[in-house]
Amino acid sequence: MRSGGTAPTRLRRARLHQDPYAPHRARLAVRCWLGATHPALYDAELVVSELVTNAVKHALKGPGRDWVRLSLDEESSCVRLVVTDPGNPGSEPTCRPLPADWNDWLPRMRQPGGMGIATVIAICGGAWGTHLTEREERVVWCHVPIHVL
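Numbers given for residues are sequential positions, taken from 1 along each chain in its written order. For this predicted model, a pLDDT threshold of at least 70 governs which residues receive local features, and a threshold of 80 or more governs which side-chain atom pairs are given and counted, while totals over whole chains, interfaces and linings are taken from all residues. Side-chain calculation: all heavy atoms of the structure are included, whereas hydrogens and water are not.

1. Things to note about the packing of helix H2 (residues 41-58) against helix H4 (residues 116-124)
Here is the rule: Interaxial angle, 0 to 180 degrees, is taken between N-to-C directions of lines fitted to C-alpha atoms, where a helix line uses only the stretch in contact. In this description a helix means any DSSP run of H or I spanning at least four residues, a strand means any run of E spanning at least two, and both kinds are numbered starting from the N terminus. What sets the label is the angle itself: under 35 degrees gives roughly parallel, over 145 gives roughly antiparallel, 65 to 115 gives roughly perpendicular, and the rest give oblique. Handedness of a crossing is defined here by the sense of rotation of the near helix relative to the far one, left-handed for an anticlockwise turn of less than a right angle and right-handed for a clockwise turn. We call two residues in contact when some of their heavy atoms are within 4.5 Å. Classification convention: Asp, Glu, Lys, Arg as charged; Ala, Val, Leu, Ile, Met, Phe, Trp, Tyr, Cys, Pro as nonpolar; all other residues, Gly among them, as polar.
Relative to each other, H2 and H4 sit at 150°, their axes nearing to 9 Å. Taken together, the axes of H2 and H4 are roughly antiparallel relative to one another. Crossing geometry of H2 relative to H4 is assigned as left-handed. Residues Asp43, Leu46, Val47, Glu50, Leu51 and Asn54 of H2 touch H4, and the partners they reach there are Gly116, Ile117, Thr119, Val120, Ile123 and Cys124. Counted by class, the contact of H2 with H4 contains seven nonpolar, three polar and two charged residues.

2. Quick notes on the packing of helix H1 (residues 22-34) against H2
Closest axis-to-axis distance for the H1/H2 pair is 8 Å, and the angle between their directions is 150°. By the angle between their axes, H1 is roughly antiparallel relative to H2. In the packing of H1 onto H2, the handedness of the crossing is right-handed. Facing H1, whose interface residues are Ala22, Pro23, Ala26, Arg27, Val30, Arg31 and Leu34, H2 presents Leu41, Tyr42, Ala44, Glu45, Val48, Ser49, Val52, Thr53 and Val56.

3. Let's talk about the state of the cysteines
Heads up, the rule is: Any cysteine sulfur atom paired with another within 2.5 Å is treated as part of a disulfide. Type-normalised accessible area, obtained with a 1.4 Å probe on protein chains alone, sets the label of each residue: buried when under 20%, exposed when over 50%, and partly exposed for intermediate values.
In total, this model carries zero disulfides according to the counting rule given. Of all cysteine sulfurs in the structure, the one in cysteine 124 sits closest to cysteine 78, which takes part in no disulfide; the separation is 8.9 Å. Under the relative-accessibility criterion, cysteine 78 is labelled buried at 5%. Take cysteine 124: its relative accessible area is 5%, and that puts it in the buried class.

In short, the description is geometric, and any link to function would need to be established separately.
In structure tokens, the structure reads:
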């Protein structure tokens, strides 16, 4: 881990094939890059899985559009994840609020989808964002806090 206010260290970059196994491969990449004992590992794995799942589900399909890029930087207080996909100008990430009470989770679990971004926001304390590039690629970034015990 880095200390002080220095610039982030780019740990890794990967280009994944956009298919149903991409979220699993993204989790494996994050685990390999951070290491099994990193304090942000489990949160980073969950967040990257949600973001890559959204990329696979919502990016427009077509020739040359079967990829997802992942990058990971580490700062002293967080791990910065960036997921880029071919984009879909007609689709913007939406957030359904997470249920406050466990009893409210059960009906939600029968309605697939919609809570991934809320999960990312909760884990990252609101430190996330999204935009389209000039080539209409969707970029979603977030800062996963590093909690040292």
